[in-house]
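# Architecture at a glance
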Amino acid sequence: MRIRKLIPGVDPELLVKDAAKLMPDPARRNFLRGAAGLGALTLLTGCDIIDGDTAEGVLRKISSFNDGAQAALFSRSKLAPTYPESAITRPFPFNAYYSEDEAPVVDPATYRFEISGLVDNKKPWTLDELHALPEVSQITRHVCVEGWSAIGSWQGASLGDFLKRIGADTRAKYVFFRCAEGYSNTIDMATALHPQTQMTFKYDNKLLPRAYGFPMKIRMPTKLGYKNPKYVVAMEVTNTDRGGYWENQGYNWFGGL
Amino acid sequence: MSVQAIATNTEGTAVIHPAWVRATHWINALAMLVMIGSGWQVYNASPLFGFTFPPSIALGNWLGGALQWHFAAMWVLAINGLVYLTLGFVTGRFRRKLLPITPRAVIADVKAAVTFKLAHDDLAHYNAVQKVLYAGVILAGVVVVLSGLAIWKPVQFQELAALFGGYDAARYVHFFAMAAIVGFLVVHVSLALLVPKSLRAMIAGR
């Protein structure tokens, strides 16, 4: 059983409203006892209540099998298609489980990017230090798990280069990200080292706006949108899967494209 | 007495659908229903058109649940489909049952069908309308799987996605292939119920 804290700084009522938007009418839940629909329920109760041979259990096992299949399909060298500036979707959509005015506000002066886990140099990074890293840029397609997609322009530093710079053990299995509002993601090391995986500080060559994840987003054009965390405040290199906000509720863990 | 003679003597009819056809047919039927039902729920999360599917007939309760169903049943659909296609070609059943399809025969049989004169006495022999529908739904099945792969992995399978005109276009292709299959299903199930012996043949083989 996993313990999950409610997200600090997020109005629980808003959270319930959002869950309700995704969740069906309870009356409709008869058919097969609602697969992962119970996932949203576990969010509210704070623990996973389902295990064993239920339909949900079987589906979760197959979803884990699909993680392996996607890891096998994933190519470290295959790049996501890139696009010209004219293809950028304007305005680029804001997307989260809360409304735009509920997005976290991070103070750049006191911000520190915390590093932990299997890393030689765990010194926290200020925003100025992060901004001084060599800049990379990409115009790629953001694909949402809901199906819609949008093309955006992101600038920042290569995560793979950063991991090497701080002496991370790149043989570790996972990189875990924690965000200001309590959002989180665990990703596989192969994706962390992918050449297009980016610690993003700018959107469309301007300082990353609050709506898009100020001060830092991790941009992975090889993963679905929910695997691209915003408002990132901490990173851990680890061999333990720490799960993630949506992954814990039933979205596929790998979330690869 | 030879095996064939026994087969012909009991009930006086030969096997219409061999066991592999019946097995793959029903496995496909189940996988298709799960894929369509969960696909509708996935569609509802970001509709392509000005409508959504009633959640009461969609599967999975919410997007995450629907995706779990969809990406579980996809293995059944794809593996079963590969077995069916392979055996269909190798045994010569596709060639024997579905070819030739000539426009003239199709037009004649459509005319016969709309005037209720189309015969379907011999279950082992398909008329031109059946040939077109069966070949068409096999094609739609192939397109729905390929466009699905393009949507699922638009980076790893980007060449395939490009073939469909890119990620967004592949979603429309996926939708219309689903619509074609559902359209086929409506006609197919209605006719199977109108001619119950055809349903028996798909269960018992004769």
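The structure contained in this document is the topic of the report that follows. This structure is a prediction, so every number in the text was calculated from the model and none was measured. (Residues numbered from 1 in each chain as written. Chains lettered and ligands numbered in written order. Predicted model: local features only at pLDDT ≥ 70, side-chain atom pairs only at ≥ 80, totals over all residues. Heavy atoms only, no water.)

### Concerning the overall build of chain B
Check the secondary structure of chain B and you find nine helices and zero strands. Of the regular secondary structure in chain B, the N- to C-terminal order runs α-α-α-α-α-α-α-α-α. The burial tally for chain B puts 43% of its 206 residues in the buried class. Across chain B, contacts joining residues at least 24 apart in sequence account for 67% of those joining residues at least 6 apart. When the accessible surface of chain B is split by element, carbon and sulfur atoms take 73% of a total near 11000 Å². (Helix = DSSP H or I, 4+ residues; strand = E, 2+ residues; numbered from the N terminus. Buried < 20%, exposed > 50% of the residue type's maximum accessible area, 1.4 Å probe, protein only. Contact = heavy atoms within 4.5 Å. Areas by Shrake-Rupley, 256 points an atom, 1.4 Å probe, with all protein chains shown as cover.)

### Observations regarding the overall build of chain A
Looking only at helices and strands, one finds six helices and nine strands in chain A. Burial statistics for chain A: of 257 residues in total, 56% are counted as buried. Sequence-distant contacts in chain A: of pairs separated by 6 or more residues, those separated by 24 or more amount to 70%. For chain A, the exposed area adds up to about 11500 Å²; of that, 55% sits on carbon and sulfur atoms.

### Comments concerning the packing of aromatic side chains
Enumeration according to the criterion identifies 39 aromatic pairs over all chains in this entry. With centroids separated by 4.9 Å and ring planes inclined at 55 degrees, the aromatic side chains of Tyr226 of chain A and Tyr251 of chain A adopt a geometry described as tilted. In this pair, Tyr226 of chain A is assigned in the loop between strand S8 (217-219) and strand S9 (232-238) and Tyr251 of chain A in the segment after S9, connecting sequence segments 25 residues apart. When sorted by exposure, Tyr226 of chain A lands in the same class as Tyr251 of chain A, which is buried. Centre to centre, the rings of Phe51 of chain B and Phe53 of chain B are 5.5 Å apart; their planes meet at 80 degrees, and the pair counts as edge-to-face. (Phe/Tyr/Trp six-rings, centres within 6.5 Å; stacked < 30°, edge-to-face > 60°.)

### Notes on the nonpolar core
All names here are of chain A. Counting 72 residues, the largest nonpolar core has Phe113, Leu130, Phe162, Leu163, Met199 and Met235 as its most contacted members. The greatest single-element share of this core, amounting to five residues, is contributed by S9. Aside from chain neighbours lying at most four places away, what touches Met235 is Phe113, Glu114, Ile115, Ser116, Leu159, Phe162, Leu163, Ile166, Val175, Phe176 and Phe177. (Core = buried A, V, L, I, M, F, W, Y, C linked by side-chain atoms within 4.5 Å.)

### Section: the environment of Lys97 of chain B
Residues and elements named next belong to chain B. Looking at the element boundaries, Lys97 is found in helix H4 (residues 93-98). The sequence separation of Lys97 and Lys131 amounts to 34 residues, and the corresponding C-alpha distance is 7.5 Å. The residues contacting Lys97, other than those within four sequence positions of it, are Ile16, Ala124, Tyr126 and Lys131.

### Structural notes on the side chain of Thr24 of chain B
Residues and elements named next belong to chain B. Checked against the element boundaries, Thr24 lands in helix H2 (residues 19-45). The class for Thr24 is buried, based on a relative accessible area of 5%. Among all residues touching Thr24, those that are not within four sequence positions of it are Asn80, Val83 and Tyr84.

### Re the interface of chain B and chain A
Contacts between chain B and chain A engage 30 residues on the former and 41 residues on the latter. Across the chain B to chain A interface the summed buried area is about 3000 Å²; carbon plus sulfur atoms make up 64%. In terms of surface lost to chain A, no three residues of chain B exceed Asn61, Trp62 and Gln68 of chain B, which account for 27% of the buried area on that side. Taken together, the connections running from chain B to chain A amount to two salt bridges. Of the charged contacts in the structure, one is a salt bridge between Lys78 of chain A and Glu159 of chain B, with a shortest N-O distance of 3.0 Å. (Buried area = accessible area lost by both parts, 1.4 Å probe. Salt bridge = Lys/Arg side-chain N within 4 Å of Asp/Glu carboxyl O.)

### Section: the pattern of salt bridges
All names here are of chain A. If you walk through the whole model with that rule in mind, you get 11 salt bridges over all chains. For Lys227, the salt bridge goes to Glu247, with nearest N and O atoms at 2.9 Å. Taken as a pair, Lys227 in the loop between S8 and S9 and Glu247 in the segment after S9 lie far apart in primary sequence, 20 residues in all. Pair check on accessibility: Lys227 and Glu247 agree, each one buried.

### Description of unusual backbone geometry
Most peptide bonds adopt trans geometry, and most residues besides glycine take a negative phi value. Residues and elements named next belong to chain A. Cis peptide bonds are those with omega within 30 degrees of zero, and the linkage from Arg90 to Pro91 qualifies with -5 degrees. You can see Pro91 is positioned in the loop between helix H3 (55-73) and strand S1 (114-117). Between Phe214 and Pro215 the backbone carries a cis peptide bond, its omega angle lying at 10 degrees. With respect to the helices and strands, the residue Pro215 is situated in the loop between strand S7 (206-207) and S8.

### Here's the deal with helix H3 (residues 63-90) of chain B
All names here are of chain B. Here H3 spans 39 Å end to end across 28 residues, near enough to the 40 Å set by a 1.5 Å rise per residue. Of all the bends in H3, the greatest measures close to 25 degrees and is centred on Ala73. One or two residues past the end of H3 sits Gly92, with phi positive at roughly 80 degrees. (Expected span 1.5 Å × (residues − 1). Bend = angle between axes of the 7 residues up to and from the residue.)

### Describing the packing of H2 of chain B against H3 of chain B
All names here are of chain B. Where H2 meets H3, the axes come as close as 8 Å, and the angle between the chain directions of the two elements is 150 degrees. Between H2 and H3, the crossing angle belongs to the class labelled roughly antiparallel. As H2 runs across H3, the sense of the crossing is left-handed. When its residues are assigned to classes, the contact of H2 with H3 shows 19 nonpolar, eight polar and no charged. (Axes fitted to C-alpha atoms, helices over the stretch in contact; angles between N-to-C directions. Parallel < 35°, antiparallel > 145°, perpendicular 65-115°, else oblique. Left-handed = near helix turned anticlockwise from the far one by under 90°. Nonpolar A, V, L, I, M, F, W, Y, C, P; charged D, E, K, R; others polar.)

### As for the pairing of strand S3 (residues 149-158) of chain A
All names here are of chain A. Burial runs high along S3: 10 of the 10 residues are buried. As judged from the eight bridges shared by strand S2 (residues 136-143) and S3, these two strands associate in the antiparallel manner. Bridged to His142 within S3 is Ala150. Hairpin remark: S2 followed by S3, antiparallel, with five residues in the connecting loop; positive phi at Gly147, about 120 degrees. Summarising the sheet, S3 and strand S6 (residues 198-203) pair through five bridges and their orientation is antiparallel. Counterpart to Gln155 in the pairing with S6 is Lys202. (Pairing = 2+ DSSP bridges.)

### What to know about a nonpolar patch on the surface
Residue and element names in this part refer to chain B. There is a patch of nonpolar side chains on the surface, built from Trp26, Val189, Leu193, Leu199 and Ile203 and spanning about 470 Å² of accessible area. Only helix H8 (167-194) and helix H9 (196-204) provide two or more residues apiece to the nonpolar patch. Mapped onto the fold, Leu193 is located in helix H8. Judged by relative accessible area, Leu193 falls into the exposed class, the value being 59%. (Patch = residues over 30% accessible without salt bridge, like charges linked within 9 Å, V, L, I, M, F, W, Y side chains within 5 Å.)

Any functional reading would require information that these geometric values do not contain.
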